[in-house]
Amino acid sequence: MQIATKHFLKISSDFSETPGARYYTDGHDSGQEFYEKILCHAFQEALDDKAVLTIDLDGTEGYATSFLDEAFMRLTKDFGKNEVLSHLKIISTEEPDWISEIDNYIKDVE
Amino acid sequence: MSKKNKRRDIARLKSKQRKDLKNKRRFKKYILSQNKFIRRRFPKSKRSRSESTNSYFGQAIEKKIIINVPEKFSINQDIESVLFFVYKNKKTVENGRFNQFIVDFSKVTRIDDGAMTILLSLFYDMSYKRIKVGFNNLPTNAAAKSFIEQSGFIKYFTGPLAKVKNDGLNVTLKKGESTILQRESATIIHKSMKTVMGLEMRNQKLQGMLIELMTNSVNHAYLNNEREKTWYISTNHYIDQNKVEFCFVDNGDGIINTINFKFKDRYFTSNEELLERAFDGEFRSRTKLANRGKGLIVIKNNHKNMTIKGLKVITNNVFLDFDSSSAIKLKTPFSGTFYSWVIDKTCK
C-alpha cells in the first residue's frame, strides 16, 4: 500500500505546538479536540482512499500520555483495531518512544 | 384617653423596660464568659501580638496574627519543622478566627525553594478565603536574608517589605486554577533551558511531565470537587551553576488519601509502600479505565532516564526521595502533594 502525500498529518503544524491533556475540560488543545476536529476526519479520508495516514509527532513542546491515549484510543474504538493498525503510521525522530507507546494504546483497546 | 388605657400603657412600658434590662444583663454576662474563653484559649503572649475585637454577638474575632517562620525553614534540612508550620497555619485558617496574617522571617537561619513554594501556595490559597497576607521582617541571618532577596520570592508577598526592591528575578511562580496551562509551562521550560544550556529550547520530556503533574492536580488531587483546584510551579534559576530547581505543589488531598479513597479494600503494610507502588504504576486512576493513571509512572521514568535529577515527593505522611530510593514516614502530615527536582547540564 502506498502512502499518499495528502494523507499526512503533522501535529505541531496542523493542530498545536503545545498539545494539552485529555478532555476539553482540561484546557486548550486536548486529545479529545485533536481527535474530533482533525484525526477522525483525516483517518476517514485515508480509509476512503484506501491509503495510510502518516502522523508526525515531531515539532511540539511535548506530549502527555493522556493526550495521545485519548486521541488514538478513540480512533481505535470508532474505526476498529484492524483498520487502525493497517491504515495508520506514526513517525517521530525526536521522541521515538511514543511510537511503541501509541501502538500499545491501540492494541490495548478491547 | 381613659384612665384605664393610661394605666395599661404604663404597665406595658415598664414591662418592656424590665425585659430590655434583663437582655442587657444577659448580654453582658455572655461577653464576660467569651472573654474568659479567650483568656483560657490563647496565652497572654499570643494575645498581646494580635488585635482582638468583640462583634455584636460577642463572638471573638482575632483580626490580625503575626506568624513566626521557624528557624530552619528548609525541606532539605528540616522537613518536619516546615510541615508542622504549614499544618498549624492551615488549622488556624480553618478556624476562621483571623483575617490577616503577617509573616515574620526574622528568626530564619536556613531556608530553601521548596519550603518557600509551599508557604506561598498556602498563602495564595488563603486569598480565596479573603485572608490578607503580608510580610514583616527579613531574616537577621545574612545567608537567609540574601536567599530571600536574591531568589525573588519577595515579590509575591504584600505588606511593608514587599516594597523592598531586589535583584531577584530568578523565581517564577505560576498558579493554575482547575485547568492545564501547557503553553505557560512551555515558556517556563524554554527559560530554564536557557539557564542550563545557554539558549532557549524545548524539552519534550519535561513538558510531558509538567502536563502530567497539572493533570493529576486538576483531575485527581481534590476529592471534593467544589474546592478550588489550584496548583503552583516555581522555578529558581542558579545561573552560575547552570541549574534550575523546580517545585510543584497542590494543596489537595494528597496521593495516598486519593488512592485510599478509591481502593478501600486493598491492604498495604504502610503508606510508604503504597506510595512507592503508585509510582510503579500499581494503581489505575479513579476512572477505572485502561491506560489511565500513567502520570506517576512518567514522573518516575523521567528521573530514571536522567531527564531530571534529585526528585523528591512529599504527600500526606510520606517523604519519597528518588535519589536514595528511600521512603520516610513523617510525623506531621501534609495535605497535598509537593514535588521538587533539578535540571542541569548532566541531565539528558
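Up top you'll find the structure we're talking about.
Below or above, wherever it landed, is the structure these notes cover.

Reading the values: the criteria
- Residues numbered from 1 in each chain as written.
- Chains lettered and ligands numbered in written order.
- Predicted model: local features only at pLDDT ≥ 70, side-chain atom pairs only at ≥ 80, totals over all residues.
- Heavy atoms only, no water.
- Helix = DSSP H or I, 4+ residues; strand = E, 2+ residues; numbered from the N terminus.
- Buried < 20%, exposed > 50% of the residue type's maximum accessible area, 1.4 Å probe, protein only.
- Contact = heavy atoms within 4.5 Å.
- Areas by Shrake-Rupley, 256 points an atom, 1.4 Å probe, with all protein chains shown as cover.
- Patch = residues over 30% accessible without salt bridge, like charges linked within 9 Å, V, L, I, M, F, W, Y side chains within 5 Å.
- Salt bridge = Lys/Arg side-chain N within 4 Å of Asp/Glu carboxyl O.
- Pairing = 2+ DSSP bridges.
- Axes fitted to C-alpha atoms, helices over the stretch in contact; angles between N-to-C directions.
- Core = buried A, V, L, I, M, F, W, Y, C linked by side-chain atoms within 4.5 Å.
- Domains from an automatic or database assignment.
- Expected span 1.5 Å × (residues − 1).
- Phe/Tyr/Trp six-rings, centres within 6.5 Å; stacked < 30°, edge-to-face > 60°.
- Lys NZ or Arg CZ within 6 Å of the ring centre and 35° of its normal.
- Buried area = accessible area lost by both parts, 1.4 Å probe.
- Polar contact = N/O pair within 3.5 Å; in protein donor to acceptor, adjacent residues only side chain to side chain.
- Nonpolar A, V, L, I, M, F, W, Y, C, P; charged D, E, K, R; others polar.

### Structural notes on the overall build of chain B
Then, number 1: When its secondary structure is counted, chain B shows 10 helices and 12 strands.
Then, number 2: Of all 348 residues assigned to chain B, the portion counted as buried reaches 49%.
Then, number 3: In chain B, 65% of the contacts between residues at least 6 apart in sequence involve partners at least 24 apart.
Then, number 4: Accessible surface computed for chain B: about 18,600 Å², of which carbon and sulfur atoms make up 50%.

### A few points about a nonpolar patch on the surface
Residue and element names in this part refer to chain B.
Then, number 1: A grouping of Met197, Leu199 and Met201 is seen on the molecular surface, where their side chains present a nonpolar patch of about 260 Å² in accessible area.
Then, number 2: In this fold, Leu199 is placed in the loop between α6 (182–197) and α7 (204–219).
Then, number 3: Overall, the relative accessible area of 48% leaves Leu199 in the partly exposed class.

### As for the sheet that holds strand β1 (residues 8–10) of chain A
Within a sheet, neighbouring strands are paired by backbone hydrogen bonds and run either parallel or antiparallel to one another.
Residue and element names in this part refer to chain A.
Then, number 1: The parallel open sheet is built from three strands, whose spatial order is β1-β2-β3. What marks the edges here is a single partner per strand, and that holds for β1 and β3 (88–91). Across the sheet, the mean angle separating the axes of adjacent strands is 20° when strand polarity is ignored.
Then, number 2: For β1 and strand β2 (residues 53–56), the ladder comprises three bridges, and the chain directions are parallel. Paired with Lys10 across the bridge in β2 is Asp56.

### Quick word on the environment of Tyr87(B)
Residue and element names in this part refer to chain B.
Then, number 1: Topologically, Tyr87 is positioned in helix α3 (residues 79–95).
Then, number 2: Note: C-alpha distance between Tyr87 and Ser335 (248 residues apart in sequence) is 8.2 Å.
Then, number 3: Ignoring any residue separated from it by four or fewer positions in sequence, one finds Tyr87 in contact with Thr332 and Pro333.

### What to know about the nonpolar core
Residues and elements named next belong to chain B.
Then, number 1: Residues Phe73, Phe101, Phe105, Ile111 and Ile314 are the most contacted members of the largest nonpolar core, which totals 41 residues.
Then, number 2: If you tally residues by element for this core, the top one is helix α4 (residues 113–126), at eight residues.
Then, number 3: When residues of this core are sorted by domain, at least three fall in each of domain 2 (63–169) and domain 3 (170–348).
Then, number 4: In terms of nonpolar packing, the next biggest core, distinct from the first, is built from 40 residues, Met209, Ile211, Ile255 and Tyr339 among them.

### Regarding the pairing of strand β11 (residues 309–321) of chain B
Regular strands place side chains that alternate from one sheet face to the opposite one.
All names here are of chain B.
Then, number 1: The element β11 is largely enclosed, with a buried count of 12 among its 13 residues.
Then, number 2: Two strands pair when backbone bridges link them, and β11 and strand β12 (residues 326–343) are joined in this way by 10 bridges, in the antiparallel orientation. Its bridge partner being in β12, Ile314 is matched across the sheet by Phe338.
Then, number 3: Taking the residues that link successive antiparallel strands as the turn, the β11-β12 hairpin has four residues, and the phi of Ser325 there is positive, at about 50°.

### Considering α7(B)
Then, number 1: Between its first and last C-alpha atoms α7(B) spans 22 Å; for 16 residues at 1.5 Å apiece the expected length is 22 Å, and the two agree.
Then, number 2: Across the 16 residues of α7(B), 14 count as buried, placing the element largely inside the fold.

### Brief notes about the packing of aromatic side chains
Then, number 1: Per the counting criterion, the structure on display carries 11 aromatic pairs over all chains.
Then, number 2: Ring geometry for Tyr63(A) against Phe67(A): centres 5.8 Å apart, planes inclined by 35°, an arrangement best described as tilted.
Then, number 3: With relative accessibility at 0%, the residue Phe67(A) sits in the buried group.
Then, number 4: Taking the centre distance of 5.4 Å and the plane angle of 80° together, the rings of Phe73(B) and Phe85(B) count as edge-to-face. Remark: Phe85(B) occurs in helix α3 and Phe73(B) occurs in strand β4 (residues 72–73); sequence separation between them is 12 residues.
Then, number 5: Residue Phe73(B) is classed as buried on the basis of its relative accessible area of 0%.
Then, number 6: Note on Phe85(B): relative accessible area 3%, which makes it buried.
Then, number 7: Feature note: the residues Phe15(A), Phe34(A), Tyr63(A) and Phe67(A) constitute an aromatic cluster, connected by ring pairs.
Then, number 8: Across the ring face of Tyr23(A), the terminal group of Arg22(A) is positioned such that the distance to the ring centre comes to 6.0 Å.
Then, number 9: Against the face of Tyr238(B) rests Lys243(B), its NZ or CZ located 5.0 Å from the ring centre.

### Focus: α4(B)
Then, number 1: Over its 14 residues, α4(B) runs 20 Å from end to end, which matches the ideal 20 Å to within 8%, given 1.5 Å per residue.
Then, number 2: Burial of α4(B) is extensive: 13 of the 14 residues sit out of reach of the surface.

### Comments concerning the interface of chain A and chain B
It is common to give the size of an interface as the accessible area that goes away when the parts come together.
Then, number 1: Residue-level contacts link 28 residues of chain A with 22 residues of chain B.
Then, number 2: Summed over both sides, the interface of chain A with chain B buries roughly 2,000 Å², with 42% coming from carbon and sulfur.
Then, number 3: The largest share of the area that chain A buries against chain B comes from Asp26(A), Glu61(A) and Thr65(A), three residues that together contribute 29% of it.
Then, number 4: Inspection of the chain A/chain B interface yields four salt bridges.
Then, number 5: We note a salt bridge from Lys294(B) to Glu101(A), for which the minimum N-O separation is 3.3 Å.
Then, number 6: Linking chain A to chain B there are 11 residue pairs in polar contact (both at pLDDT 80 or more).
Then, number 7: Contributions of two or more residues to the side of chain A that touches chain B are made by α3 (65–79) and α5 (97–108) of chain A.
Then, number 8: Looking at the side of chain A that touches chain B, its residues break down into seven nonpolar, 10 polar and 11 charged.

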